[in-house]
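Architecture at a glance
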Amino acid sequence: MTQGESTLLRADDVSVRFGAARAVDGVELDIRAGEIIALVGESGCGKTTLARTLLGLQQPTSGRVLYEGKPLPTGNRGLREYRRHAQLVLQDPTGALNPRHSVYEAVAEGLRIHRVPGDERALVADALSRAGLRPPERFFGRVPHELSGGQRQRVVIAGALALDPSVLIADEPVASLDASVRGEILALLLRLRDELGLAALVVTHDLGLAWNIADRVAVMYLGRIVESGPVEQVLTAPSHPYTKALLSVLPESEGPATVLAGETPDPSRVPTGCRFHPRCPLLAAGLPDSVASRCRTVDLPIVDGAESGVACHAVEVATAR
Amino acid sequence: MGEPLLELRSATVDYRTASGLVPAVRGVDLRIDAGQTLGLAGESGCGKSTLAMAVLRLLPRTAMIGGEILLGGENVTDMSWGRLRAVRWAEASVVFQGAMHALNPVRRVGDQIAEPIRLHGKGSVERVDDRVGELLEQVGLPARRARAYPHELSGGQRQRVMIAMALACSPGLIIADEPTTALDVMVQAQVLTLLSRLVDELDIGLLMISHDLSVLASTCQRLAVMYAGRIVEQGKAVDVLRAPRHPYTKALAAAFPTIGDASSRLSPRGLAGDPPDPSDLPGGCPFHPRCPSVLPECSGTDVLLRPVSEDRTSACLLEVEP
Amino acid sequence: MTSSIAWQRRRAAAGRVWAQFRTDRGGLIGLAVLAVIVLLAVLAPLISDRSGLDVTHATGGILQPPGNGFLLGTDESGRSVLLLLLWGSRISLLVGLAATLLSVGVGTIVGVLMAHFGGWAQAVLMRVTDFFLVLPSLVLAAVLSTVLTPGIGSIIVAIGATAWPTTARLVRSQTLAVESRPYIERSWALGAGHWHVIGKHVLPAVAPLVFANTTLNVANSIITESTLSFLGLGDPNSPSWGSMLHNALQTGAVTARAWWYLLPPGVAIGVVVLAFMMCGRALEAVLNPRLRER
């Protein structure tokens, strides 16, 4: 298992705004070769927007995305070239496949778009095998509705693998699948990392998934990363009150559950100071005035997802002492 | 212990299709008393949603119900149309899956909650409005939200509206079909807390359906696991989760790992193959093609649910043999 | 070899469409009627003598009732009404089909471009579409056919130019529906360009709907052509059914009670249009449930 220091994809102070809504509000994140990062957060935190921005499907309002140190090309032709390196796996495998196209055509689509030289049939068979559909020839003529959910997701993954990317970005790859089938797809992603050195960014709201397959995890709230670090550290000894609350409400966790009141506020009305402070259980329980006033008024510096970090005034004070 | 709220005796549901009868539910025995909570776990195609809909005869015309489904002692299939309408919502109600699609997008939320109240002829206009306000407060929403349209509410709020609707006619039993599946972790926790509190306060029975064993175990007293139209394990929820006595239950439990558990770190566990197609079930034990502990006898013996220990039943040859 | 998988799939899909179409009795009847009429129209030069259409070669008496070797009687110049009917079918069908192809072609292109590119392209094209939609089509067709040099070509253009907006709006909404599906986003993510998305995903998804719509459109075009000819705006040299009606009225066939001259073209128009509509409805019923989900 390789965990090289080579950064493949980097979000450099990326912000994405849709009018007044700050979907992504300053994010720095690294994806390194041979590594799986989980981007965890609830709906509305901006994780899907960030994923699409990293793929070039969305233009950042400010900041830039760097692939192998160079900014992403703008314009159709340049982006098309980039697509050979970074591929997408969507959440809903049923919607992600054209219902009229056979499995063969779905996997060959990428090859044809990029006019990849070589024996197309062999390349398609190879991609299907790597995605776990064996023997691949048996699946060539099948149509999506003849396949199960797990098989469809494998076809989508095969379509991405056919282009031989170095980074895979998976948006909730197992959310629409049956429970007993999840393990197989997750095991596939791990195998791809081990055998091909494929890096992956897995966007999910499921912390258990991060525990299952990720090396590092970044927790997002309202457009910013609030905590990041190795999975063992963040998920077993979380520092940020939001992460702690998320972990405490999982049904199998022991100890009292900190159920936060209300829901994530609208991205167009980001609270001043620390964006989490209106719902923060730590603040509600009582903090010394010097810290509490900073929570309400002073915004925190951006946590670099490439390293371990926490965006919390109370934690800063504690570690400074 | 009086009459059970809901009792199923050898309940079956078959769908008539162009290619013959497809068995969705193949003989289920269940019992829920007042104030009890039962979780029904299973994946797509196991028949759990069909079972839930069968209780109020909400299935399409191609469905044929067999066996007995007793709601408050009365057999649902024998009820006249008028009696069925009176029973629907007033004795048992359903919180449907996917609140986004179960709510009418062009009507205000308050009107939709009021609809069953008006249909059952319970009260004048002001009383109805008061009742709607009361229900909204019970589920943790301010009463003035009755004037909102569904799209103005968030996912969690919509699910609360669904729960308020289910409580509208003060039923004795609530059937919640995947109530938290599409929701975020925090919102899921809020909704589950709400359901538990309501069950306690109002002393209603709850049948909760989900594919997430840990969610069911944290909210329900008892747990039944369904596979291919039958129950394969049943018992006290906490016990079933902690010490499953059927390979399928073990697999379901392993699918959602416990954070901090070193054995699941970087080793996702799942089953090979897919949940079976009800129209094409394997012979013998329907789980045997995917079972990690399969024995040669399993492909030939159809195993039924049998007691394996105190307050636990399981349909597995491995467990049943002494 | 690999493209044969696509062809296999298409053939299988066509087979399924046909199997389901066969179950609709109305559709089958319509198809049978159309087949007969088209066959007759195509074989007209073989089964009849064209020279009979020339007024100078007319052999029958004026406005003769059926009999005497003229199955449907004669017109005001002594020509056989049956012959006129047969050759008129060629004109009506030709104009109907050609005008439809033109309008459906233009409508599909405009509709897809509008929906796919959005932005100012959509804004401009929408206004153009709305403009043509709002104009009374018959009036526009009439004006066009008087302005352009008289002839079959100009009738085809006139009808096509007024019928395309409906197709355009239909195709636009269907394109919007298709492009909101996740597999389009997957295509973009794979690196597709506009033409790939349009050619491989949008057009195949839109095609069945357009096909069903075309069948209904032909019926419309035939009626429009007949109306234009009836009003005297058609091509005076080609004996279409509408011009037969026009001539019949002009030459006093009504007062002469020459039903054999009035009835056949009218009935023929009705039958052909009905046959097209029955086919079109059956096609829509077959193709639509698939369009809605799959």
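My aim in this report is to walk through the structure given alongside it, one point at a time. Just so it is clear, the structure is predicted and the values come from calculations on it, not from any experiment. Counting starts from 1 at the beginning of each chain's written sequence and moves along it residue by residue. Whichever chain is written first becomes A and whichever ligand is written first becomes 1, with later ones labelled in order. Since the coordinates come from a predicted model, pLDDT governs what is reported: local features require at least 70, and pairs of side-chain atoms require 80 or more to be given and counted, while whole-chain, interface and lining totals use all residues.

Helices and strands together make up the secondary structure of chain B, namely 11 helices and 12 strands. Its C-alpha atoms give chain B a radius of gyration of 20 Å, within 12% of the compact-globule value 20 Å for 322 residues. Oriented by its inertia axes, the alpha-carbon framework of chain B measures out at about 65 × 50 × 45 Å. Our exposure labels follow a C-beta count within 10 Å of each residue's own C-beta, placed from the backbone: buried means 20 or more other C-beta atoms, exposed means 12 or fewer, and partly exposed covers the counts in between. The 322 residues of chain B split such that 49% are buried. We call two residues in contact when the distance between their C-beta atoms, placed using the backbone, is within 7 Å. In chain B, the proportion of contacts linking residues at least 24 apart, taken out of those at least 6 apart, comes to 63%. Labels follow the DSSP assignment, with helices taken as runs of H or I lasting at least four residues and strands as runs of E lasting at least two, numbered in each case from the N terminus. Here the globule rule is a power law, 2.2 Å times the number of residues to the power 0.38, and the radius of gyration is based on C-alpha atoms.

Turning to the sheet that holds strand β9 (residues 222-227) of chain B, a few remarks are in order. The strands that make up a sheet pair up through hydrogen bonds in the backbone, lying either parallel or antiparallel. All names here are of chain B. Note on pairing: two strands pair once DSSP finds at least 2 bridges between them. The 8 strands lie next to each other as β6-β7-β8-β3-β9-β10-β12-β11, forming an open sheet whose pairing is mixed. The outermost strands of the open sheet, each flanked by one partner alone, are β6 (92-95) and β11 (306-309). Going across the sheet, the axis of each strand differs from the next one's by a mean of 25 degrees, ignoring polarity. Across 6 bridges, the pairing between β9 and strand β10 (residues 230-236) is antiparallel. The residue of β10 that forms the bridge with Arg 222 is Lys 236. Relative to the sheet, helix α6 (residues 155-167) contacts β6 and β7 (173-177), its axis offset from that of β6 by approximately 170 degrees. A fitted line through C-alpha atoms represents every axis, and for helices the fit uses only the stretch in contact; the resulting angles, taken between N-to-C directions, go from 0 to 180 degrees.

Most contacts, among the 2 pairs of chains that meet, fall between chains A and B. As for chain C relative to chain B, no contact occurs, and the smallest C-alpha gap between them is 14 Å.

Residue Arg 134 of chain A is joined to Pro 135 of chain A through a cis peptide bond whose omega torsion reads -10 degrees. Of note, Pro 135 of chain A is situated in the loop between α5 (120-130) and α6 (149-161). For Asp 164 of chain A, which is not glycine, the phi torsion reads 55 degrees and is therefore positive. Tracing the backbone through its elements, the reader meets Asp 164 of chain A in the loop between α6 and β7 (167-171). Its 16 C-beta neighbours within 10 Å are what place Asp 164 of chain A among the partly exposed residues. In this model, Glu 178 of chain B sits at a positive phi of 50 degrees, which is unusual for a non-glycine residue. Within the secondary structure layout, Glu 178 of chain B lies in the loop between β7 and α7 (185-202). When the 20 C-beta atoms within 10 Å are taken as the criterion, Glu 178 of chain B is described as buried.

Taking 1.5 Å as the rise per residue, helix α2 (residues 25-47) of chain C with 23 residues should run 33 Å; its terminal C-alpha atoms sit 30 Å apart, in good agreement. The bend reported for a residue corresponds to the angle between axes fitted to the seven residues ending at that residue and the seven starting there. Considering bend angle alone, the principal kink of α2 of chain C is centred on Ala 41 of chain C and spans about 40 degrees; proline Pro 45 of chain C follows within four residues of it. Helices are assigned an expected span. That span is 1.5 Å times one less than the residue count.

Chain B puts 34 residues into the contact, and the matching count from chain A is 32 residues. Elements with a contribution of two residues or more to the side of chain B that touches chain A: α7, α8 (213-219) and α10 (247-255) of chain B. Considering each element in turn, the side of chain B that touches chain A owes the most residues, 6 residues, to α7 of chain B. Side-chain classes are defined by residue name, with Ala, Val, Leu, Ile, Met, Phe, Trp, Tyr, Cys and Pro counting as nonpolar, Asp, Glu, Lys and Arg as charged, and the others, Gly among them, as polar. Looking at the side of chain B that touches chain A residue by residue, the classes come out as 17 nonpolar, 12 polar and 5 charged.

Below, the discussion takes up the interface of chain A and chain C. Between chain A and chain C, the contact holds 28 residues from the first and 22 residues from the second. Elements with a minimum of two residues in the side of chain A that touches chain C: α2 (76-82), β6 (86-89), α3 (93-96), α4 (103-113) and α5 of chain A. Along the lines of polarity and charge, the residues of the side of chain A that touches chain C split into 11 nonpolar, 9 polar and 8 charged.

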